[in-house]
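# Fold and geometry: a report
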Amino acid sequence: MPGAQLAPAQDERAGRRLLAFAVLLLLVLHGTQLISGSFTRTYDALIHVYFGAHYARSFFDPWESGWYTGFSLTSYPPLSHYLIALLSGPLGLLGAFAATQILALVGLTVGIYRFGRVFVTARAAGYGAVLLVLSSAIAETVQVFGQLPTTLSLGLLLNAIPFAVRWVRTGHRTELVRAAMWTAATTAAHHVTTLFGSVFFIAPVLLAVVLEGASRPRPHEDARGGLRRVGRRVYRVAPRVYRSAVYGAAAIAALVIVVLPYWLWSRADPITQVPIPHGSRANFLVRRDFGFMFWLVPWATLLPLYWDAVRRGLHAHRGLPRWPIMASVLLLSLLGTGGTTPVPKALLRGAFDILTLDRFTFWACMLILPLAGLSIESWRHGAWRVFVQARLGARVHHLLGLGLVTLALLLSVGVSALTYYRKFQPERIDVRPLAQYLESGGRDRYRYMVLGFGDQMAWLSANTRATTPDGNYHSARRLPELTATPVERLEGAKYTGVPGLGSLRQFMTTPEKYNLRFMLSNDAFYDPALHMLGWERRGALPGGVMVWERPGIAVLQPRLPRRELPVWQRLMWALLPSSAPALALLSLLLPPARPRRRSRWPWVRLLAEDSLDPPAQQGAWWRSWVRRLPFRSWRTAQLRARRRSRAARWRNSALLLGVLVAGVVAAAALTRPADTPQRAVLGYWDDVDFKRFGAAYRWIEPQGGLTEERWRLDLSVVGGLRSGYAKLDSLKVEEVTYSGAPGADGTLATVRSRLTWFTALGNVTEEVSQDLRRTPRGWRLLVAPVLTPRPPLRFQPVPGVQARAPLTPDEPVALRILNQRLVAYRPAPGAAERVAAVGEVQNVGGTGASLTLTAAVRDGTGQELARNNAAETFLPWLNPGERTPFLITFDGPGMTVDVRDVAAYSVRAQGVASPLNLSRDVNLWRRGAQVRVENAGATEATLTNVVAALNDARGVGWVTRTYLMEAVPPMQSREVTVPLARPAGYRVLLGPAAAPTTGAQVFANVFRREEP
């Protein structure tokens, strides 16, 4: 068939035209999005911007003090960050990232083309480059994950492999130098790409080149059969094996030398932390959401071509076998399935819990592109075109091709826009007023922490010299409070459940340990916990970010401790990775190698390249074996296919259209959930949880004149933690009752369900009974207006904070500890004993005070075993003369206290003048364990912490606390049950002996919601 195979010159021209089209399409499709700043909504982009900002300020100093109380940037290969720093001068940090990513994508596109030309035609490699631009894998990697080092390093590696192939084939030393330089540049961008790329990219290609040499005879070889045939094969491949080993040694040397400070850092300071869960390691059959994100989305464009591309991997290209590349594709595809099968964990072993396995899926998608290009070439010019046109006609063939291209383009655009219609990050935050606030008034002498910022925390860090104990690069974490829990960053602790909140609460409870004075909160979820743990709400900065402050924190040392690197390592880190890409580009200017004369030394002649063209029948046995497979090549058979009649083509086209329509209809029917009362209840609460109030109201059939505005007001009447401070953790339907046939319109149903809400103060469970009616729109909830709506102005207004407001100096207030003791207890019968300090403290100063109560336990040698602050079992603010009980436990992350080791303890009370949270307009009335909370103020008591002190003859013996989960409106009251018993196994270790309980006192710490 004309055009099925091209002459080498024509093939080269066709491939270059397709490459130029791929680069142009790349600039239009991805370049425009990157220039518009789409990467700021991705996961990793701003982290690399932060690293680039460091090198822009201090190129020769790899120590970064902004995160984690300081860490060394030698923990991450720096090339991409050097490029950002270099381009940030004329383009700014964000523009520099966009430009660097565009350069990386252009290099990757050219690399796919050059890499593909090794084992497919130039035209097929060009189609592979076009597929790269349209692939959903690159769209997700760039526009959702924001991975710059991955794309940059893989592009460099793919451009290095053709030089390595030429070196192994020809022995020209110029090609070896080029291959080594480009491999060194790959290492400078990301060492993991060199490490695993050697296994999955370089090794299969070089193995194919070595096997190619086995089919090419050499002069003076022994032509006899028998065992001498094996010797003849070894004689043929010996030069290529030798040169492969030389390049392998050069690649290993590049891997070690270019980033030698990284290897020294990893040896001196190895990563010892609890593995952080990642969705790519999950079982995709159980967690289908992770399977969608980390498997289906990257493979979406290439799945229709997967079978045909793998099939073509069984064939050879001009004597070069493709099966090693095919085997690597299959292995990478398997590793990318994460925990779906036990194979990845068995192969990767300990690395399984460290690596993110989506990188293997991405590499598989990249490696299969040239083979997929063969499928596209066949569709446009070869056997697939003949097959389809013979049965369906040319017009249908063109329409199908146009439809597939349109579908691929829509998939790529849809995946690229995933961050627009599926928010992975909070709305864009203007960090300028935040940076001004942190750097004015001496606030940069303290540390800060952000909440609800997402990856924009890195952008704030790149724009301020203030420091934070949190960060977004978990490999650099060394604080035990961070490494002891599977939490990536404290900023988004609510997304990691109880372990995340446990680590965050430790920082909130003992901020003085980290010189942590300021919290910048962009998520009201954390507000109740901040208040209950003694943080003072200062107000909102421009943009709505709430400022919380903890007075009484010591300033940072003028010179923070740091780990100094030797000068030679600092110079090496600055010069080698930055010079590697420059040397790689300069190597292209090396003159071509001149042919060398035949050596007179026999061992040199043994390893010299002198192979001849293979005989015509070479490899016939392999081709005959492939033809016997059920998925043998169609090329010969289909190029001879007879064209069907017009009626047959019309019939086949109609049949194909019917199959496609039926498939779409069946897929829609199978994916559409059944209309049941349970689905309506789940959909309603899911929309309420994600604050999609318009969608939630559509699940309602209004009763009694209910409007959406009135329903929203009634929803907030419930108040408490659920109103803006909780996330729905689970919903379990307990019972469903019907008044008639479930499928008949007008049938009523009652659904009783149990809801568990995840809050910053623990889980809250409630049982809800809801009535529903079957309507023509499906099951809808019957909701009527609430009878007692609250006045709209029931919340305190949010005060504004000026970005350059001065810092109020701390004024100490005298406190007196009235009584104290150290007790042992069991949190549950049969549980291990724990230790707690309990007592009472009084404000003896002349002004209101913010309290910090600290307890420490020591062993017999005076060694401190643990230290902690009072958390929720005390009143954080006291008026002059007021008292508060306190209970300080030692159960935070990294705290393990054996009761038998405790020999001494101490309690310290610190007070700082504060005018906040001193109103006492909530009255408490107790009858037994029942406490009535009465709000005598003018604003809603959103959340009330009822603290109960159990007294004996020697003072406070134990303290309990209970949250009133429902808000208390002005001039109304609510009741709560307070536990008034000592825990199991209660006994006094140090201090006044235990005595029978003589009474109880109750206190209230009230959190009040603020709204603009």
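Our subject in this report is the structure included herewith. (Residues numbered from 1 in each chain as written. Predicted model: local features only at pLDDT ≥ 70, side-chain atom pairs only at ≥ 80, totals over all residues. Heavy atoms only, no water.)

## Thoughts on a nonpolar patch on the surface
There is a patch of nonpolar side chains on the surface, built from Phe 60, Val 567, Leu 571 and Leu 575 and spanning about 370 Å² of accessible area. Relative to the elements of secondary structure, Leu 571 occurs in helix α25 (residues 567-587). Its relative accessible area of 40% is what places Leu 571 among the partly exposed residues. (Patch = residues over 30% accessible without salt bridge, like charges linked within 9 Å, V, L, I, M, F, W, Y side chains within 5 Å. Areas by Shrake-Rupley, 256 points an atom, 1.4 Å probe, with all protein chains shown as cover. Salt bridge = Lys/Arg side-chain N within 4 Å of Asp/Glu carboxyl O. Helix = DSSP H or I, 4+ residues; strand = E, 2+ residues; numbered from the N terminus. Buried < 20%, exposed > 50% of the residue type's maximum accessible area, 1.4 Å probe, protein only.)

## Regarding the sheet that holds strand β5 (residues 447-451)
The four strands lie next to each other as β5-β6-β8-β7, forming an open sheet whose pairing is mixed. The outermost strands of the open sheet, each flanked by one partner alone, are β5 and β7 (536-540). In this sheet, neighbouring strand axes are inclined to one another by 25 degrees on average, regardless of whether the strands run parallel or antiparallel. As paired elements, β7 and strand β8 (residues 546-549) share four bridges and run antiparallel to each other. Bridging across to β8, Arg 537 finds its partner in Trp 548. Running at roughly 145 degrees to β5, helix α23 (residues 497-509) makes contact with β5 and β6 (516-521) of the sheet. (Pairing = 2+ DSSP bridges. Axes fitted to C-alpha atoms, helices over the stretch in contact; angles between N-to-C directions. Contact = heavy atoms within 4.5 Å.)

## Some thoughts on the sheet that holds strand β26 (residues 955-964)
Strands sit in the order β26-β25-β29 across an open sheet of three strands; the sheet is antiparallel. This sheet does not close on itself; its edge strands, each paired only once, are β26 and β29 (999-1007). Averaged over neighbouring strand pairs, the angle between their axes works out to 20 degrees when direction is ignored. Across nine bridges, strand β25 (residues 943-952) lies against β29 in antiparallel orientation. Paired with Leu 943 across the two strands is Phe 1007, which belongs to β29.

## Some details on the pairing of β8
Neither face of β8 is exposed, since Met 546 and Trp 548 on one face and Val 547 and Glu 549 on the opposite face are all buried. Strand direction decides the pairing type here: β6 and β8, joined by four bridges, are antiparallel. By the bridge assignment, Leu 520 is partnered in β8 with Val 547.

## Remarks on helix α17 (residues 383-392)
With seven of its 10 residues buried, α17 lies for the most part within the structure. Inspection of α17 places Ala 383, Trp 384, Val 386, Val 388, Gln 389, Ala 390 and Leu 392 among the buried residues, and these make up the whole buried set. Just past α17, the residue Gly 393 takes up positive phi, approximately 100 degrees.

## Topic: unusual backbone geometry
In this structure, Lys 691 is a non-glycine residue whose phi angle is positive, near 60 degrees. When you line up the elements, Lys 691 lands in the loop between α30 (677-689) and α31 (693-697). Notably, Asn 917 is not glycine yet its phi reads approximately 55 degrees, a positive angle. Residue placement: Asn 917 occurs in the loop between β22 (904-913) and β23 (922-927). Residue Asn 917 is classed as partly exposed on the basis of its relative accessible area, which comes to 32%.

## Re the packing of aromatic side chains
Within the structure shown, the criterion is met by 44 aromatic pairs. Between Tyr 262 and Trp 263, the ring centres sit 5.0 Å apart and the planes meet at 75 degrees, which makes this aromatic pair edge-to-face. For Tyr 262, a relative accessible area of 12% translates into the label buried. Here a set of aromatic residues connected by ring pairs shows up, and it is made of Tyr 50, Phe 51, Trp 67, Tyr 68, Phe 71, Tyr 76 and Tyr 473. Above the face of the Tyr 420 ring, Arg 41 is positioned so that its terminal group lies 3.7 Å from the ring centre. Between Arg 114 and the ring centre of Phe 163, over which it is positioned, the NZ or CZ distance is 4.6 Å. (Phe/Tyr/Trp six-rings, centres within 6.5 Å; stacked < 30°, edge-to-face > 60°. Lys NZ or Arg CZ within 6 Å of the ring centre and 35° of its normal.)

## Observations concerning the environment of Pro 426
On the secondary structure map, Pro 426 appears in the loop between α19 (418-421) and α20 (432-439). Taking the relative accessible area as the measure of exposure, Pro 426 reaches 28% and is therefore partly exposed. Spatially, the C-alpha atoms of Pro 426 and Asp 523 are 9.3 Å apart, while their sequence positions differ by 97 residues.

## Brief notes about empty space enclosed by the protein
If you walk through the whole model with that rule in mind, you get three cavities of 30 Å³ or more. Taken as a whole, the largest cavity holds about 80 Å³ of empty space. For the largest cavity, the full set of lining residues is Ala 137, Glu 140, Thr 141, Phe 145, Gln 147, Met 293, Phe 294, Pro 298, Asp 358 and Phe 362. Counting residues per element, the ones that place at least two in the lining of the largest cavity are α5 (136-143), α11 (288-299) and α15 (358-367). Across the lining of the largest cavity, the residue classes break down as six nonpolar, two polar and two charged. (1 Å grid on protein atoms, 1.4 Å probe; cavity = no way out; pocket = protein on both sides within 12 Å on 5 of 7 lines; lining within 4 Å. Points joined across faces, edges and corners; volume = space filled by probe spheres on them. Nonpolar A, V, L, I, M, F, W, Y, C, P; charged D, E, K, R; others polar.)

## Some remarks on the packing of α11 against α15
Where α11 contacts α15, the two axes come as close as 10 Å, and the packing angle between them is 5 degrees. The angle between the axes of α11 and α15 places the two elements in the roughly parallel class. The segment α11 lies against α15, with Phe 294, Trp 295, Pro 298 and Trp 299 engaging Asp 358, Thr 361, Ala 364 and Cys 365. (Parallel < 35°, antiparallel > 145°, perpendicular 65-115°, else oblique.)

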